[in-house]
Amino acid sequence: MSILVNRDSRLITIGLTGKQGTFHTLQSRDYGTNVVGGVTPGKGGMVHEGIPVYNSTYQAVKETEANVAMIMVPPRFAADSILESIDAGVELIIAITEGIPINDMVKVRSVLNNSKSRLIGPNCPGIITPGECKVGIMPGHIHMPGSVGVISRSGTLTYEAVYQLTQRDIGQSTCVGIGGDPVNGTNFIDCLDLFEKDKDTEAVIMIGEIGGNAETEAAKWIRDNMNKPVVSFIAGASAPAGKRMGHAGAIISGGDDTAEAKYKVLEECGITLARSPAELGEKLASVL
Amino acid sequence: MNVHEYQAKGLMRKFDISVLDGEVAKTAAEAVEVAKKLGGNIWVVKAQIHAGGRGLGGGVKLAKSLDEVEQFAKEIIGMQLVTHQTGPEGKKVQKVLVEAGCDIAQEYYFGIVLDRDSGKITMMACEEGGVNIEDVAHNTPERIIKVAIDPATGFTPYVGRKLAFAIGLEGDTMKKCVKFLSGLYELYTQKDCSVAEINPLVVTKQGDVIALDAKLNFDENALFRHPDIEQLRDPTEESADELEASKSGLSYISLDGSIGCLVNGAGLAMATMDIIKIMGGEPANFLDVGGGATKETVEKAFKIILNDKNVKAILVNIFGGIMKCDIIAEGIIAAAKSLDLKVPLIVRLEGTNVAVGKKLLQESGLAITAANDLADAAKKAVSAAKGEL
């Protein structure tokens, strides 16, 4: 078992025919993901790299029975594509796009709250259940099937964590990038809950960063609800206050959102800390 | 993106939000002209820099005569203003805003921000104005009244009444406050602000509701649909290197250390800085090349890193996903050739197209120290920066 995606997932890519859309959809298909279609308005009817293209998400879902949509469209059109996917009833929407205006996401979140869809991201690497299904831009070959769940606000730092696990022969159940934006669809707690319920996940790595209080809220949730061990690293201990560190969400504003403040709460809640990003694999091995 | 107070107030006027009459001046003579035009017998001369705490630093003065306007403008324009937000070196003041005075009866705080937990735009009010709102939020959070706005309805008058009543306003003043907040919400949403802060908002002895100060920040990701806001950008307020980097799609922030970092992904870039520090070194910068970098942008990134004369070693840490290792390798090779690279270069490549990338670097004949993993890379970079590699 795993969470969110598996070998039964049926993927469509929104923005399939673009350069990035094509590259990463093919990489996902090569990994074993069941890619059933793509959407590019105006290019419906064509077959791109062996994948049927549709004009709308509605049509794609109707024809292919897709249940997962990967959003690979440029930031100014991305919110619209997410909204269309929600309206078309896609169960799981994974938005890779970076740089979507915050106010667009505020509207998306409101619509999302009243829908049956789940959104992962935006500004995230996607999700992978090793050996079964990859939806996103992560390099598939560094993963291996196993029992560690990985959740992260950062893309490449997730790869780092996975790499360290695989080097130690520790496999992963599912790896989820929830994204670095201040407004996203799925948060740490949603994923922790899924991992706690997943019988094949034995432990979880949670990678956070400075800014906001998602990690401290998650820590309290873990203390009250979770039996499986959690290891956590917070990126940005060396970051100065008031400077946005790339991610729109990674900025120290209040003082309670520094790495140190977050570590303190995490430790109080019984979470194993990896204070160095090079210790993620080692610390996880210590709790298994 | 940050704008000056006078620019923020200019925008507010367009949205019918009441601010004091005033104009910006670049010289003392201009300041006097503005004061004459405004009339009255009391004026405020305010330094225009992108930082708070200007009053405490001596950048805001109350002038009781035209002579004083001239004198204060002379003092402030050209001064190196130091506040708690500028850093110890301060910021050079290029312009002042000259405003008409007003009879203040009471000061309040109003703000609009995004509440990350609910994902909603949230309006805040506090009975105490002119204070550091972070301190109030930390020490006495119950004194800040918050109302989250449903994006489906937007601002509706009850939201304004709720906030106005909560801070003790009544009658006509309450109504003026509701109008003020309605306008501010429209400005916030229509222009894609990320912060709108009025601190203080004042009620005058005549019962008017006016923004005495105004701070607006804009969402960089939404500037594509607001060319009018983009035009307000003051390049002298931003670091030349950071500006140059953002033009190339790079996210760069200059720091004080000696190890230049070139990383893909914001999280990994921060983690790389963190581990450098853990290993006993100091990062010279945060630099995320992003996912869409080309050979040229990587070359540009090297150029920007090397502009910092404190850099004694460069650590390249790439974990390819959307970014391909061979593109990075090509960029490194091009940069080493065109920039006459003299500092030690430590490279750690992993992920998408890693084999091709490593091969390119090997065949280039460049003096590159390869690193096996994150810890190894950081250790080598720290040694190299100390001249011990």
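Residues numbered from 1 in each chain as written. Chains lettered and ligands numbered in written order. Predicted model: local features only at pLDDT ≥ 70, side-chain atom pairs only at ≥ 80, totals over all residues. Heavy atoms only, no water.

Draft legend 1. Representation of the interface of chain A and chain B within the structure. Contact residues are listed per partner, giving 54 residues for chain A and 50 residues for chain B. The interface formed by chain A and chain B includes 3 salt bridges. For Arg348(B), the salt bridge identified is with Glu160(A), shortest N-O distance 2.6 Å. If you look at where chain A meets chain B, you find 11 residue pairs in polar contact (both at pLDDT 80 or more). Those elements that provide at least two residues to the side of chain A that touches chain B are α1 (19-31), α4 (102-113), α5 (156-167) and β13 (230-235) of chain A. Take the side of chain A that touches chain B: its biggest share by element is 7 residues, from α4(A). Along the lines of polarity and charge, the residues of the side of chain A that touches chain B split into 24 nonpolar, 19 polar and 11 charged. (Contact = heavy atoms within 4.5 Å. Salt bridge = Lys/Arg side-chain N within 4 Å of Asp/Glu carboxyl O. Polar contact = N/O pair within 3.5 Å; in protein donor to acceptor, adjacent residues only side chain to side chain. Helix = DSSP H or I, 4+ residues; strand = E, 2+ residues; numbered from the N terminus. Nonpolar A, V, L, I, M, F, W, Y, C, P; charged D, E, K, R; others polar.)

Draft legend 2. Geometry of the sheet that holds strand β2 (residues 43-47) of chain B. Residue and element names in this part refer to chain B. The strand order β1-β6-β2-β3 describes an open sheet built from 4 strands, whose pairing is antiparallel. Of all strands in the sheet, those with a lone pairing partner are β1 (22-25) and β3 (60-63), marking the two edges. Averaged over all pairs of adjacent strands, the angle between their axes in this sheet comes to 20 degrees, without regard to strand direction. Alignment of β2 against strand β6 (residues 96-100), held across 5 bridges, turns out to be antiparallel. (Pairing = 2+ DSSP bridges. Axes fitted to C-alpha atoms, helices over the stretch in contact; angles between N-to-C directions.)

Draft legend 3. The arrangement of the nonpolar core in detail. Core analysis: the biggest nonpolar cluster contains 93 residues, and Ile94(A), Leu192(A), Phe233(A) and Met245(A) have the highest contact counts within it. Among the elements that make up this core, the one with the highest residue count is helix α9 (residues 266-278) of chain B (7 residues). Ala8(B), Leu169(B), Leu181(B) and Ile229(B) belong to the second-largest nonpolar core, a separate cluster that totals 72 residues. (Core = buried A, V, L, I, M, F, W, Y, C linked by side-chain atoms within 4.5 Å. Buried < 20%, exposed > 50% of the residue type's maximum accessible area, 1.4 Å probe, protein only.)

Draft legend 4. Summary view of the pattern of salt bridges. Enumeration according to the criterion identifies 35 salt bridges over all chains in this entry. Note that Arg153(A) is salt-bridged to Glu215(A), the shortest N-O span being 2.5 Å. Taken as a pair, Arg153(A) in the loop between β10 (145-152) and α5 and Glu215(A) in helix α7 (residues 214-225) lie far apart in primary sequence, 62 residues in all. Comparing Arg153(A) with Glu215(A), the two get one shared label, buried. Across the pair Glu242(B) and Lys243(A) runs a salt bridge whose closest N-O atoms are separated by 3.7 Å. In this pair, Glu242(B) is assigned in helix α8 (residues 240-247) and Lys243(A) in the loop between β13 and α8 (259-268), connecting two distinct chains. The exposure class assigned to Lys243(A) is partly exposed, which follows from its relative accessible area of 32%. Ionic contacts of the salt-bridge type, sharing partners, join the residues Glu5(B), Lys9(B), Lys46(B), Arg54(B), Glu99(B) and Asp213(B) into one network.

Draft legend 5. Summary view of the confidence of the model for chain B. Across chain B, the average pLDDT comes to 93, with 100% of residues at or above 70. Taken together, the chains of this predicted complex give a pTM of 0.93 and an interface ipTM of 0.91. (pLDDT = per-residue confidence, 0-100.)

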